[in-house]
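Descriptive analysis of the structure
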Amino acid sequence: LIGIYTNRHGERWELQLKGSGKTPYSRTGDGRAVLRSSVREFLCSEAMHYLGIPTSRAASLIVSDDDVWRDQFYNGNIRKERGAIVLRLAKSWFRIGSLEILAHAGELDLQRRLLDFIIQEHFPSIAMDDSNRYLEFFSTVISETANLIALWMSVGFAHGVCNTDNFSLLSITIDYGPFGFMDSYDPNFVPNTSDDERRYKIGNQANVGLFNLSKLLQALKPLLDPRQKQLASQILEGYGERYYSRFTELFKTKLGLLGENEDDNYLIAFLLKVSLLC
């Protein structure tokens, strides 16, 4: 993260470099990116934006003179590739993992300060003096996450690595790694060659979203009283209904279906099954 930029419309954007090298928070990787994946992120994030799907944006791409060694297909065949750096923008880069790691470390005071900052900066509908603000925050993230994954499904987009570090608290598409679009409908489509267990197959994205939201609840629980914990669990139980409702709404729009008909869901499921057989 290199700073925050306010444009002429008063919009604040956090600027981040991908592929610029190691930082004090780097793990075992080299912190670099290759030209191949950088071009893909640049193009896809802009395409997703113009498809109307919440996403980070790409501002620039710089090709590096340095060589980067990568095992593209995870088959032991390491080869030299051209490096690159993407300057990307988002309203926020905070993820579920940002709160999860603090809760895991027992840094509850810092977690509370961070959560209050996120709410104040990015959730203006939530009053900071509301004792239920963390509950309201959790409910909003659930609704928006359900909406985001339904939007992914409506265009056949598979993220590829849907862990808590790649799920935005603002429910935008971030961290374009081994993503992919289905050429034809296949719920078992996996764009990640390293995902041998097919955990992140496109047909499992909604379930993985629920898993990640349950991890968010687990991270928030130390900040909630017993009543709020119970209410939060009930709110989480409504995730599936919210996702399915939004999914149905999007596919009805694609099919030009007007009004409500009890056969609409059957028609959607039937057409997807037909697509699978073709």
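It should be emphasised that the depicted structure is a prediction, and the values quoted were computed from it without experimental measurement. (Residues numbered from 1 in each chain as written. Predicted model: local features only at pLDDT ≥ 70, side-chain atom pairs only at ≥ 80, totals over all residues. Heavy atoms only, no water.)

1. Focus on the domain arrangement of the protein chain
Here is the rule we go by: Where each domain starts and ends comes from a domain assignment, either automatic or drawn from a database. Pairs of residues are marked as contacts when any of their non-hydrogen atoms sit within 4.5 Å. Summed over both partners, the accessible area (1.4 Å probe) lost when two parts come together is defined as the buried area. Note on definitions: salt bridges are taken to be side-chain nitrogens of Lys or Arg within 4 Å of carboxyl oxygens of Asp or Glu. Put simply, DSSP marks the helices as runs of H or I at least four residues long and the strands as runs of E at least two long, and each gets a number from the N terminus on.
Domain boundaries in the protein chain define domain 1 (3–90) and domain 2 (96–254). Centre-to-centre, using C-alpha coordinates, domain 1 lies 22 Å away from domain 2. Between domain 1 and domain 2, the residue contacts involve 20 residues of the former and 19 residues of the latter. Both sides of the domain 1 and domain 2 interface together cover about 1500 Å² of buried area, and 60% of this is carbon and sulfur. In this structure, the connection of domain 1 to domain 2 is made through two salt bridges. Contributing elements (two or more residues each) for the side of domain 1 that touches domain 2: β2 (12–18), α1 (35–50) and β5 (79–90). Per-element accounting of the side of domain 1 that touches domain 2 gives the leading share, five residues, to α1.

2. Notes on the pairing of β5
Side-chain direction in a regular strand flips from residue to residue, so the side chains alternate between the two faces of the sheet. What counts is decided by this rule: Strands pair, by our definition, only if DSSP identifies at least two bridges between them.
Strand direction decides the pairing type here: β2 and β5, joined by five bridges, are antiparallel. Residue pairing across strands places glutamine 16 opposite arginine 88, the latter belonging to β5. Pairing geometry for strand β3 (residues 33–34) and β5, over two bridges, is antiparallel. Counted as the bridge partner of valine 34 is glycine 83 from β5. Bridging between strand β4 (residues 57–70) and β5 involves ten bridges; their strand directions are antiparallel. Looking across to β5, one finds that aspartate 67 is bridged to arginine 82.

3. Quick look at helix α3 (residues 108–122)
Stated formally: Take the residue count of a helix, subtract one, and multiply by 1.5 Å to get its expected span. Only protein chains enter the accessibility calculation, which uses a 1.4 Å probe; a residue whose area is less than 20% of its type maximum is buried, one above 50% is exposed, and one in between is partly exposed.
Compared with the 21 Å implied by 1.5 Å per residue over 15 residues, the 21 Å span of α3 between its first and last C-alpha is a close match. When α3 is considered as a whole, its buried residues turn out to be Gln111, Leu114, Leu115, Asp116, Ile118 and Ile119. Against α2 (96–104), α4 (133–154) and α5 (205–220) lie the buried residues of α3.

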